[in-house]
Amino acid sequence: MGQHYLKTLFSPQSVAVFGASERPDSVGQIVFQNMLESGFQGGLYPINPKSAEIQGKKAYTSLAEIGEPVDLVVIATPPQTVPAIIESCGAHGVKAAVIITAGFGEAGAEGAALEKDLLEAAQRHGIRLIGPNCLGIMRPSIGLNATFNKGGANTGNIAFVSQSGALCTAILDWAQRNDVGFSSVVSMGSSTDVDFGEILDYLVSDPQTHSILMYIEGIRNARRFMSALRAAARFKPVILVKVGRHAAGSKAAMSHTASLVGADDVFDAAVSRAGVIRVQTITQLFTAAKALSCGFRPVGNRLAIVTNGGGPGVMATDRAVDLGLSIATLSDQTITYLNDYLPSNWPHANPVDIIGDAQADRYHHAVKACLEDSNVDGVLAILTPQAMTKPLESAQALIALANTHSKPLLACWMGDGQVATARTAFNEAHKPHFRTPEPAVEVFAHLSAYYRNQKLLMQVPGPTSHHIEPDVESARLIIEGAMQERRTVLTEIESKALLSAFHIPVAKTMVAHTPNEALLIAQQLGYPVAMKINSHDISHKSDAGGVLLNLDNAHEVRTAYQQILDNVRLARPDAQLNGISIEPMVVKPNGRELMIGVTTDPVFGPVITFGAGGTTVEIMGDRAVALPPLNNFLAKELIQGTRIAKMLGQFRNLPPANLNALEDMLLRVSEMVCELPLIEEMDINPLILDEHGALAADARVVVKYRQPTTDRYAHMAIYPYPTHLVSQWQLADGTNITIRPIRPEDATLVTEFVAGLSEESKYFRFMNSVQHLTEAMLVRFTQIDYSREIALMAVTTQHNQEVELGVARFATNPDGETCEFALVVADHIAGKGLGQKLMISLMEAARSKGLKVIEGEVLTNNHNMLKLTHRLGFSHKISEEDQGITKVSKVL
């Protein structure tokens, strides 16, 4: 792989500024002054046809006049001039531009037309654009400050990417005062061309960036955003602030679920699945980044608090409980240890009050004991300056402990003048410290959320989670039948048939069209029964008087039939009625009423909700949200996110409910969402769960037409594990081989496979002498995003263990139409046709994703690979940059 395609944007050798000026406080004047004052070492050219010299530098009328190559142009001229400037950049071979100018898409039809022109010119010449309408870009380590911010930024290892230019200026001002430095600052503006996803891709591979902070106002392409976010979060901490999300139109929601899910909890569910931290304020953005940069290894949410005053300990405890943290229960060994070092009147519990006369040794022993307790995941030490307190010595004791322990250790030294020297010591040691307890507790909450979200990121569920295949074809036919009748709401009977196709247990339902039919059905099903109106037009049956329950005999059933019809005709005279559905009353004395729902978010697509069920569901508002696909781990997480979860264990005289059956039903709903893209909304409410199992007592489904695409999971923000790419094959000697996409848990297999390759095979695959895979390489190879890359492994079983025999992979290029491949096969199996089989499977996978060309770079002395690609119809061309490399490509 060569250098990243955005390298000229972040590390230009030369910069030209269009619109550079000497007019005080004009954008062109500030940008050019910033470039001069930041000490940019490369070529710097002001372009302004009206001046001979600008700020002491010779000015040029055009790029052509410079006569030297230019890597990056910065444009601060009126909007109507920009498309022509981009054309001139193309003629001059410029590959990157930052457009600070406003007045494009955000300024009405005329601006939108200009934006279209400049984008077409940029794409024609292969120029990548940041902006328009942005603050610009900074790279402090090379003196690049192509912004109109008043002043520069310190060099550091935090990258900051923001959709708001105004917020960038405020943050840069704050950072100067707080000694925070940056590897890069990027103001995205309108993101006409380069978007969040591509910037994240670059920052992942940038060695100067250790953590990434983001300010987000809205998302254009959820799949690309999620895909880049997940890729970045596997290597570096990503922390984001997200503000106002667009309301998804105010049309009345068709079902309980859609009216319940505020889009913001969907965003939360999305970013937690991406392994990143979402914070609420700018200060939290930086304190969380600082805490993660201290090298802490967060492992959970159990907090111990050590304090020399009762009040601050209670404040910290209150905030921790508010945030859902767990106040750690200290082990017996810790209590015994502390008894030896603390006064006898200490409370013998957490918070550990070490009493007002505590000095550094007491802080040392109390904090050390808590850090070494396996029941504790992090420690907050609080100090209030009292007459005998030694703030500096106590701070030094904490710094020494923080240097030898990996658990988060946060300090809160309250007060001001008396603790100033201690604060300086914490700063110099780069240890996080706070003035009040609450922000310190919030940072610990962010650290434990980071740990939890990183675990969620590792989950790779497939679209189906069971060995019993669902009857997807029947389910599609039910939906198509409704569509042909121009209906979007399925009847209860259709909805239950849909659930049955995915093996979800449903209450048996039959429809009666006369009182006599109702009697016969009730006797067949057995009393007591429930009766409900059957109508395409009525969404909430109870509200229209269309439900009667617990009917015990023939007389009650006959009366109920007429009563329901009368009620509904009065409440909904416009509704078309199709008889009355009858089902046995679900008698489950130990049953809990729950709800599983599906709704479609305008940004992130389908979302699964779970919570308390019944008719009071909106009032209770108890629900948790997850993005599909789910697996057992994610289903458990979803259940635990609700208040009703506490009632599913043993509760008063109720036996514990069958949680496996509930998880099973959530997984089945996840399958429905993956395989039936036309489902817009769904309610299973109530879902009755007891010790024996789960039953869908009522269900309703809303469908919506979508244009079919080649990508079967295009409707989802997170791409499921592509089980449809698993296949079986056999070598000529009878060895059975499974070809399947790679998973994160294959890390050991991959390590052993690479270790077993000959030096030559390693050299041919990696184009340098790799002895073993680094941790980062292993993550990159095994934790992949199936929406933009695929790695197919060939494995066989030896002595009941899987062994890897080869792997072929492709990664989609930024153009979205071509991909680059790599292939390696174990030496002992070479020449047996496995390489060819893997390549054919890989090309088929690329074709099914709609990719047009597959290409790769092969060492010219790698004769076997050149022969294979020739046999598969690839064209060959010696690289112009390096004669030792042959470029191979094939139109799919």
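Residue numbering note: each chain is counted from 1, following its sequence as written. Local features in this predicted model are restricted to residues whose pLDDT is 70 or higher, and side-chain atom pairs enter the listing and the counts only when it is 80 or higher, whereas totals over whole chains, interfaces and linings include all residues. Only heavy atoms go into the side-chain values, all of them from the structure, while hydrogens and water stay out.

(A) The overall build of the protein, seen in detail. Here a strand is any run of E in DSSP of at least two residues, a helix any run of H or I of at least four, and the numbering for each starts at the N terminus. Within the protein, the secondary structure is distributed over 29 helices and 38 strands. Using C-alpha atoms as the atom set, the radius of gyration is obtained and then compared with a globule rule of 2.2 Å times the number of residues to the power 0.38. For the protein, whose C-alpha radius of gyration is 32 Å, the value lies close to the compact-globule estimate of 29 Å for 892 residues. Along the longest, intermediate and shortest principal axes, the C-alpha atoms of the protein span 100 × 80 × 65 Å. With 892 residues in all, the protein has 54% of them scored as buried. Only protein chains enter the accessibility calculation, which uses a 1.4 Å probe; a residue is then buried when its area is under 20% of its type maximum, exposed when over 50%, and partly exposed in between.

(B) Quick look at the side chain of Arg223. Mapping Arg223 onto the fold places it in helix 8 (residues 222–233). It only takes one pair of heavy atoms within 4.5 Å for two residues to be counted as in contact. When sequence neighbours within four positions are dropped, the list of residues in contact with Arg223 reads Asp711, Tyr713, Ala714, Met716, Ala717, Tyr719 and Ser787.

(C) Just helix 12 (residues 310–322), in detail. Across its 13 residues, helix 12 extends 19 Å between first and last C-alpha, which sits within 8% of the 18 Å expected from 1.5 Å per residue. Turning to helix 12, its buried residues number three or more, namely Pro312, Gly313, Ala316, Thr317 and Ala320. One side of helix 12 carries all its buried residues, which in axial view fall inside an arc of 140°. Those residues of helix 12 that are exposed and aimed more than 90 degrees away from the buried face are Val321 and Asp322. Contact partners of the buried residues in helix 12: strand 15 (302–307), strand 16 (326–327), strand 18 (378–383) and helix 17 (437–457). Once helix 12 finishes, Gly324 follows within two positions and takes phi at roughly 75°, a positive value. By definition here, a helix of n residues has an expected span of 1.5 Å times n minus one. Here, the arc refers to the directions that run from the helix axis to the C-beta atoms.

(D) Summary view of the packing of aromatic side chains. Aromatic pairing here means that ring centres of Phe, Tyr or Trp (its six-membered ring) are within 6.5 Å. Orientation follows from the plane angle: under 30 degrees is stacked, over 60 is edge-to-face, and everything else is tilted. Inspection of the entire model under this criterion finds 14 aromatic pairs. When the centroid spacing of 5.2 Å and the interplanar angle of 90° are considered together, the rings of Trp413 and Phe426 count as edge-to-face. Taken as a pair, Trp413 in strand 19 (residues 409–413) and Phe426 in helix 16 (residues 420–428) lie far apart in primary sequence, 13 residues in all. Accessibility classification places Trp413 together with Phe426 in one group, the buried group. Members of the aromatic cluster, each reached through a chain of ring pairs, are Phe160, Trp174, Phe182 and Phe286. Placement of a positive charge over a ring is assigned whenever Lys NZ or Arg CZ falls within 6 Å of the ring centre and within 35 degrees of the normal to the ring plane. Above the plane of the ring of Tyr721 lies Arg743, whose end atom (NZ or CZ) is 3.7 Å from the centre. A cation over a ring is seen here: Lys849 above Tyr719, with NZ or CZ 4.1 Å from the ring centre.

(E) View of the nonpolar core. Residues Met214, Leu229 and Phe604 are the most contacted members of the largest nonpolar core, which totals 62 residues. At 7 residues, the largest contribution of residues to this core is made by helix 8. Residue contacts for Leu229: discarding those within four places in its chain leaves Leu200, Met214, Val238, Leu240, Val271, Ala274 and Val276. Of all hydrophobic cores here, the second largest spans 55 residues; its members include Leu725, Leu757, Leu834 and Val888. By convention a nonpolar core is built from buried Ala, Val, Leu, Ile, Met, Phe, Trp, Tyr and Cys residues, the set being connected through side-chain atoms within 4.5 Å.

(F) Examining the environment of Thr424 more closely. Along the polypeptide, Thr424 turns up in helix 16. Classification of Thr424 by relative accessible area gives partly exposed; the value is 38%. Along the primary structure Thr424 and Val186 are separated by 238 residues, whereas in three dimensions their C-alpha atoms are 31 Å apart.

(G) Spatial organisation of helix 5 (residues 108–125). An ideal rise of 1.5 Å per residue puts 26 Å on 18 residues; helix 5 measures up with 26 Å between its terminal C-alpha atoms. Buried residues of helix 5: Gly111, Leu114, Glu115, Leu118, Leu119, Ala121 and Ala122, and no others. Burial along helix 5 is one-sided: seen end-on, the buried residues are contained in an arc of 160°. Among the exposed residues of helix 5, those oriented more than 90 degrees off its buried face are Ala109, Lys116, Gln123 and Arg124. In the core, the buried residues of helix 5 are packed alongside helix 4 (82–92), strand 6 (96–99) and strand 7 (128–130). Positive backbone phi, approximately 70°, marks Gly126, located one or two places after helix 5.

(H) Looking closely at the sheet that holds strand 7. Paired strands are those between which DSSP finds at least two bridges. Pairing in this open sheet of 5 strands is parallel, and the strands run 2-1-5-6-7 from one edge to the other. Strands with a single pairing partner mark the edges of an open sheet, and in this sheet they are strand 2 (43–47) and strand 7. Going across the sheet, the axis of each strand differs from the next one's by a mean of 20°, ignoring polarity. Here an axis means a line fitted to C-alpha atoms, over the contact stretch when the element is a helix, while the angle between two N-to-C directions is reported on a 0 to 180 degree scale.

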